[in-house]
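Per-entry structural report
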Amino acid sequence: MTDFVTATTESLRHAAQILRQGGLVAFPTETVYGLGADAEIPAAVARVFAAKGRPADHPLIVHLAGAEELDRWARDVPAAAYDLAAAFWPGPLTLILKRSSRASDLVTGGLDTVGLRVPSHPIAQELLQAFGGSIAAPSANRFGRVSPTTAQHVLSELEGRIDLILDGGPCQVGLESTIVDLSRGQPVVLRPGGITTERLTEVLGSLGTLPAATAPRVSGALDSHYAPRTRLILVPEANLAQQAEVLASTGKRVVVLSADHSLPLPAAVERIKWPAEQSSLASALYASLRAIDALDVDVALASLPAEQGLGQAIADRLRKAAAPRPEDNG
Ligand code: AMP
Ligand code: MG
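Residues numbered from 1 in each chain as written. Chains lettered and ligands numbered in written order. Predicted model: local features only at pLDDT ≥ 70, side-chain atom pairs only at ≥ 80, totals over all residues. Heavy atoms only, no water.

Ordered by their spatial adjacency, 10 strands build an open sheet running E1-E8-E2-E3-E7-E4-E6-E5-E9-E10, and the pairing between neighbours is mixed. The sheet is open, and its two edges are formed by strand E1 (3-6) and strand E10 (188-191), each paired on a single side. The pairing of strand E9 (residues 178-181) with E10 spans 3 bridges and is antiparallel. Paired with Asp181 across the bridge in E10 is Val188. Lying over the sheet, helix H2 (residues 42-52) contacts strand E3 (34-38) and strand E7 (135-136), oriented at roughly 155° with respect to E3. (Pairing = 2+ DSSP bridges. Helix = DSSP H or I, 4+ residues; strand = E, 2+ residues; numbered from the N terminus. Contact = heavy atoms within 4.5 Å. Axes fitted to C-alpha atoms, helices over the stretch in contact; angles between N-to-C directions.)

Spelled out as structure tokens, the structure:
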């Protein structure tokens, strides 16, 4: 049985109690909804993997109440980590650091590093305060699917599999945290997200690049992820209308996702209107990917935004949503 409640002081106290007993609580953060368990109860963390259907070698992010908790979970912390924490915590930034003995193999997926973040969402903050410990939480969706940006999204995927969903309205950033690896010398971005590369560079001066062969097990780094069930095809913006017409003329039911609301499309082609402004698109992106599946069309068409600022993370998620699925290969 999954309880679905509005986040209040009372329900947050109840949620903290569930966490202490090893239960699972979905809660809003500024990025996406998280599926939380007490990071120090191995059986609780194991339930997170079971509820999501997530492979056990994918690490979880540990959510902390404040930056002062960082040294409890990590060791040999470089100065750059404190600089980033001072600049962007609380906020949508995850730091990968060498793990302390507090971080179990279950939380880290057997890696010698741990992912840490201090969320800024007032409900996430209040939950962490009421709970008093640290919360291991990946996104509250089934593995490989689109991350949830409303409590209803969580309910539709995890009902019956978790104990409680705290409804705190839609998430503001709407994309997952930026992940920066500080465990291997030069800081490297493993996943673009809510904190832009431009802002990281302002603090760090420069960023390293990741040798492809050493790419770590970040589920966001899988080719196909964040994917709607409907096939999504990326086409250059100038060809959107024409591609839609060609597909529609072969009898395909088509939807076009675009910020150009006056794009000339055949009457039979559906339209999902993206906001023009970048941060508004980021917060609406996942709901728009879910809306594709609700339309019952054969194919969705979209174009990549310019890859500056949040456009980097938006383009990253769209490429993964459009990537060939494992099931495409049999
Ligand atoms: P999610 O919240 O669903 O985006 O999942 C958390 C993300 O953080 C996943 O992509 C993890 O693989 C990644 N992550 C967590 N800890 C680590 C780590 N120690 N090294 C690399 N990636 C990590
Ligand atoms: Mg996820």
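All chains considered together, the criterion is met by 17 salt bridges. Across the pair Arg72 and Glu69 runs a salt bridge, and its minimum N-O distance is 3.1 Å. Here Arg72 falls in the partly exposed class, since its relative accessible area comes to 39%. Residue Arg317 pairs with Glu176 through a salt bridge whose shortest N-O separation is 2.9 Å. In this pair, Arg317 sits in helix H11 (residues 311-322) while Glu176 sits in the loop between strand E8 (164-167) and E9, placing the two residues 141 residues apart along the sequence. No difference in accessibility class separates Arg317 from Glu176, as the two residues are buried. Among the charged side chains, a network of salt bridges with common partners joins Arg145, Glu157, Arg290 and Asp293. (Salt bridge = Lys/Arg side-chain N within 4 Å of Asp/Glu carboxyl O. Buried < 20%, exposed > 50% of the residue type's maximum accessible area, 1.4 Å probe, protein only.)

All right, on to the environment of Ser11 then. Looking at the secondary structure, you find Ser11 in helix H1 (residues 9-20). Each C-alpha atom of the pair Ser11 and Leu164 lies 9.6 Å from the other, and the pair is 153 residues apart in sequence. Residues contacting Ser11, with those up to four places away along its chain left out, are Val5, Thr6, Leu164 and Leu166. At 2.8 Å, the side chain of Ser11 forms a polar contact with the backbone nitrogen of Thr8. (Polar contact = N/O pair within 3.5 Å; in protein donor to acceptor, adjacent residues only side chain to side chain.)

Moving on, we come to helix H6 (residues 122-131). Residues Ile123, Ala124, Gln125, Leu127, Leu128 and Phe131 constitute the buried set of H6. Structurally, H6 contributes buried residues whose contacts are with H1, strand E2 (25-27), E3, strand E4 (61-63), E7 and E8. Downstream of H6 by one or two residues, Gly132 has phi in the positive range, about 85°.

A separate point is the sheet that holds strand E11 (residues 231-234). The strands that make up a sheet are held in pairs by hydrogen bonds between backbone atoms, and each pair lies either parallel or antiparallel. In spatial order, the strands read E11-E14-E12-E13; together these 4 strands make up an open sheet with parallel pairing. With partners counted over all chains shown, the strands left at the sheet margins are E11 and strand E13 (270-273), one partner each. Here the strands of the sheet are splayed against their neighbours by 25° on average, with no regard to which way each runs. Bridge count between E11 and strand E14 (residues 299-302): 4 bridges; the pairing is parallel. Note on E14: the bridge partner recorded for Leu234 is Ala302. Strand contacts of helix H9 (residues 240-249): strand E12 (254-258) and E14, with the helix running at about 170° to E12, the strand carrying the most contacts.

H6 packs onto H1 with a crossing angle of 55° between their chain directions and a minimal axis gap of 9 Å. Taken together, the axes of H1 and H6 lie oblique to each other. Between H1 and H6 the crossing geometry is right-handed. For the pair H1 and H6, contact is made by Thr9, Leu12, Ala15, Ala16, Leu19 and Arg20 and by Ile123, Glu126, Leu127, Ala130 and Phe131, respectively. For the contact of H1 with H6, the per-class residue count stands at 8 nonpolar, 1 polar and 2 charged. (Parallel < 35°, antiparallel > 145°, perpendicular 65-115°, else oblique. Left-handed = near helix turned anticlockwise from the far one by under 90°. Nonpolar A, V, L, I, M, F, W, Y, C, P; charged D, E, K, R; others polar.)

Glancing now at H1. Helix length check: H1, at 12 residues, gives a terminal C-alpha distance of 17 Å against a target of 16 Å (1.5 Å per residue), a fit within 8%. Along H1, the residues classified as buried are Ser11, Leu12, Ala15, Ala16, Ile18 and Leu19. When H1 is viewed along its axis, its buried side chains cluster within an angular range of 160° and face the same direction. Residues of H1 that are exposed and angled more than 90 degrees away from the buried face: Thr9, Glu10 and Arg13. Remark: Gly22 follows H1 within two positions and exhibits a positive phi of approximately 85°. (Expected span 1.5 Å × (residues − 1). Arc of directions from axis to C-beta.)

H11 packs onto helix H10 (residues 278-295) with a crossing angle of 15° between their chain directions and a minimal axis gap of 10 Å. Between H10 and H11, the angle falls in the class roughly parallel. In this structure, H10 meets H11 at a crossing whose hand is left-handed. Counting all contacts with H10, which are made through Gln278, Leu281, Ala282, Leu285, Tyr286 and Leu289, the residues of H11 involved are Gly311, Ile314, Arg317, Leu318 and Ala321.

The subject of this paragraph is the nonpolar core. The nonpolar side chains of soluble globular proteins are, as a tendency, buried together. Of all hydrophobic cores here, the largest spans 44 residues; its most connected members are Leu70, Leu84, Leu93, Leu95, Leu97, Leu116 and Ile162. Going through the elements one at a time, E3, H2, helix H3 (70-73), helix H4 (79-88), strand E5 (93-98), strand E6 (113-117), helix H7 (151-158) and helix H8 (197-204) are the ones with two or more residues in this core. Of all the elements, H2 adds the most residues to this core, at 5 residues. In contact with Leu70, other than residues within four places in its own chain, are Leu64, Val77, Tyr82, Ala85, Trp89, Leu95, Leu97 and Leu116. In terms of nonpolar packing, the next biggest core, distinct from the first, is built from 24 residues, Val146, Ala282, Ala313 and Leu318 among them. (Core = buried A, V, L, I, M, F, W, Y, C linked by side-chain atoms within 4.5 Å.)

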